[in-house]
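Single-letter residue listing:
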Amino acid sequence: QVQVVESGGGLVEPGGSLNLSCVVSGLTFSNSAMNWYRQAPGKEREWVGTVYRIGTSFYKESVKGRFTISRDDSKQTVFLQMNNLKPEDTAVYYCKPSSGDYWGQGTQVTVSA
């Protein structure tokens, strides 16, 4: 079966950086666009960005220029590099392949002084 495992979250001060990872198994990773989502306390889950098979990526407006999504197909892994983090980036972050409704447990990111 498909497994999605996110990691790399933590507590960071405003202006800091984190690099999240997501390993996917059980599907042909290289054929699938990969997405990052996040869910803040009391809010709906929202799309953060997508990286396509050829490496092209698109982002939610509020994270453009701060977040970068990349992928390593040889390791079936997608990354979310987050720089200049803000308190409003606090959320549980999830990755999801476009090829199916597969979700992991997410990884908590907390931005606080």
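Values in this document were obtained by computation on a predicted structure and should not be read as measured data.

K.L.:
Please explain the overall build of the protein chain as it appears in this structure.
P.N.:
In terms of helices and strands, the protein chain carries zero helices and ten strands. In terms of C-alpha radius of gyration, the protein chain reaches 13 Å, essentially the compact-globule figure of 13 Å for 113 residues. Principal-axis analysis of the C-alpha atoms gives the protein chain an extent of 40 × 25 × 20 Å. Of all 113 residues assigned to the protein chain, the portion counted as buried reaches 44%. Within the protein chain, counting contacts between residues at least 6 apart in sequence, those at least 24 apart form 53% of the total.

K.L.:
It is not clear to me how the state of the cysteines should be interpreted in this structure. Could you clarify?
P.N.:
In protein chemistry, a disulfide is the covalent bond that joins the sulfur atoms of two cysteines. A complete count under the given rule lists one disulfide for this structure. Disulfide pairing places Cys22 opposite Cys95 at an S-S distance of 1.6 Å. Of this pair, Cys22 sits in strand β3 (residues 18–25) while Cys95 is found in strand β9 (residues 91–97), placing the two residues 73 residues apart along the sequence. Pair check on accessibility: Cys22 and Cys95 agree, each one buried.

K.L.:
Help me understand the sheet that holds strand β6 (residues 57–59), please; the structure alone is not making it clear to me.
P.N.:
Strand pairing in a sheet relies on backbone hydrogen bonds, with the paired strands running either antiparallel or parallel. Taken in spatial order, the six strands make up an open sheet running β2-β10-β9-β4-β5-β6, and their pairing is mixed. Taken across any chain shown, the strands that pair with only one partner, and hence form the sheet edges, are β2 (10–12) and β6. On average, adjacent strands in this sheet sit at an angle of 25° to one another, irrespective of strand direction. Taken together, the three bridges between β9 and strand β10 (residues 107–111) define a ladder with antiparallel strand orientation. Looking at the pairing, Ala91 lines up with Val109 of β10.

K.L.:
Even after reading the chapter, I still don't get the pattern of salt bridges, so can you show me in this structure?
P.N.:
A side chain with one charge can pair with a side chain of the opposite charge if their charged atoms come near. Within this structure, the stated rule accounts for six salt bridges. Asp89 is paired through a salt bridge with Arg66; the nearest N and O atoms lie 2.7 Å apart. On the criterion of sequence distance, the pair formed by Asp89 in the loop between β8 (77–82) and β9 and Arg66 in the loop between β6 and β7 (67–72) is long-range, its members being 23 residues apart. Arg66 matches Asp89 in its accessibility class, with the two residues each being buried. Among the charged side chains, a network of salt bridges with common partners joins Arg38, Glu46, Lys60, Arg66 and Asp89.

Thresholds, definitions, all that
Residues numbered from 1 in each chain as written. Predicted model: local features only at pLDDT ≥ 70, side-chain atom pairs only at ≥ 80, totals over all residues. Heavy atoms only, no water. Helix = DSSP H or I, 4+ residues; strand = E, 2+ residues; numbered from the N terminus. Rg over C-alpha atoms; globule rule 2.2 N^0.38 Å. Buried < 20%, exposed > 50% of the residue type's maximum accessible area, 1.4 Å probe, protein only. Contact = heavy atoms within 4.5 Å. Disulfide = S-S within 2.5 Å. Pairing = 2+ DSSP bridges. Axes fitted to C-alpha atoms, helices over the stretch in contact; angles between N-to-C directions. Salt bridge = Lys/Arg side-chain N within 4 Å of Asp/Glu carboxyl O.

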